[in-house]
Amino acid sequence: MLRIFQQTLTKPVVFEGVGLHSGKKSKIKILPNDDEGILFKRVDIFKNNVIVADYKNVSSTTLSTTLMNKYGIKVSTVEHLLAALYISGIDSAIVEIDNDEVPIMDGSAKEFIDVLKNVKLKKSSKKIKYIKILEKIEMTDGNRKIQISPKDTFEVDFELNFKNTVIGKQRNIINFHSNNLKEVEESRTFCLYEDIQKIKKMGLAKGGSLDNAVVVDGDKVINDKGLRNKKEFVNHKILDL
């Protein structure tokens, strides 16, 4: 059964780490929010520093998701944290951050969720605003396609197709209301070893390492412990979505 009222935390939680693309250390404090929605607050800036987590504020999706308010204040790589809040049932929160990029932690949502699941939640007086899809919507970009169709629950059917034989063609279907989400939560961001220099030339991945990303070199995963689950690549894309 769908919840009627929003939920927020009963106490603050803190995370620290390095930004995947900036390489800068950052600290976030997630606070209860008795109003509605998820708000990012840049505490290193003292004016016009609140950014609402709303699709209308997405300013870039180049290898991460960046949100920007109307004053040009940004916060980037928000996708794993927002997924963790969603999976944890947190609809309202203020995320204070002392930099422009959310820490990447281990490259998945696991470390966020491990802490959030132990925090008691409280019901807000604000009702949840659900989006009901009434008709099929489809967008195609070359060989890539996304389609949103009416359904009474939130289900993701994702297929990725890489020339690399380790990643290959992977597909998974996850219902966020009825499936066990452990493998989605723990699945890490990934890249091909051959692409690392290209990404770095773009000024990105300055904080990337084998501690926060799966790296595939030819026919092998070079991380010591390998993959966390058989479909980690497509499961991470489901987490991002």
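I will try to describe carefully the structure that is included in this document. (Residues numbered from 1 in each chain as written. Predicted model: local features only at pLDDT ≥ 70, side-chain atom pairs only at ≥ 80, totals over all residues. Heavy atoms only, no water.)

Those residues of helix H1 (residues 79–87) lying buried are Glu79, His80, Leu81, Ala83, Ala84 and Leu85. Where H1 ends, the next residue or the one after it, Gly89, has phi of about 80 degrees, a positive value. (Buried < 20%, exposed > 50% of the residue type's maximum accessible area, 1.4 Å probe, protein only. Helix = DSSP H or I, 4+ residues; strand = E, 2+ residues; numbered from the N terminus.)

Once that is clear, we can look at the packing of aromatic side chains. Summed over the entire model, instances satisfying the criterion amount to six aromatic pairs. Measuring from ring centre to ring centre gives 6.0 Å for Tyr86 and Phe154, while their planes differ by 90 degrees; the resulting arrangement is edge-to-face. A residue pair is termed long-range when its members are at least 10 positions apart, and Tyr86 in helix H1 and Phe154 in the loop between strand S12 (144–148) and strand S13 (155–161) qualify at 68 residues. According to the relative accessible area criterion, Tyr86 is partly exposed, its value standing at 42%. Judged by relative accessible area, Phe154 falls into the partly exposed class, the value being 30%. Between Phe190 and Phe233, the aromatic rings sit 5.0 Å apart at their centres with planes inclined by 80 degrees, giving edge-to-face as the arrangement. (Phe/Tyr/Trp six-rings, centres within 6.5 Å; stacked < 30°, edge-to-face > 60°.)

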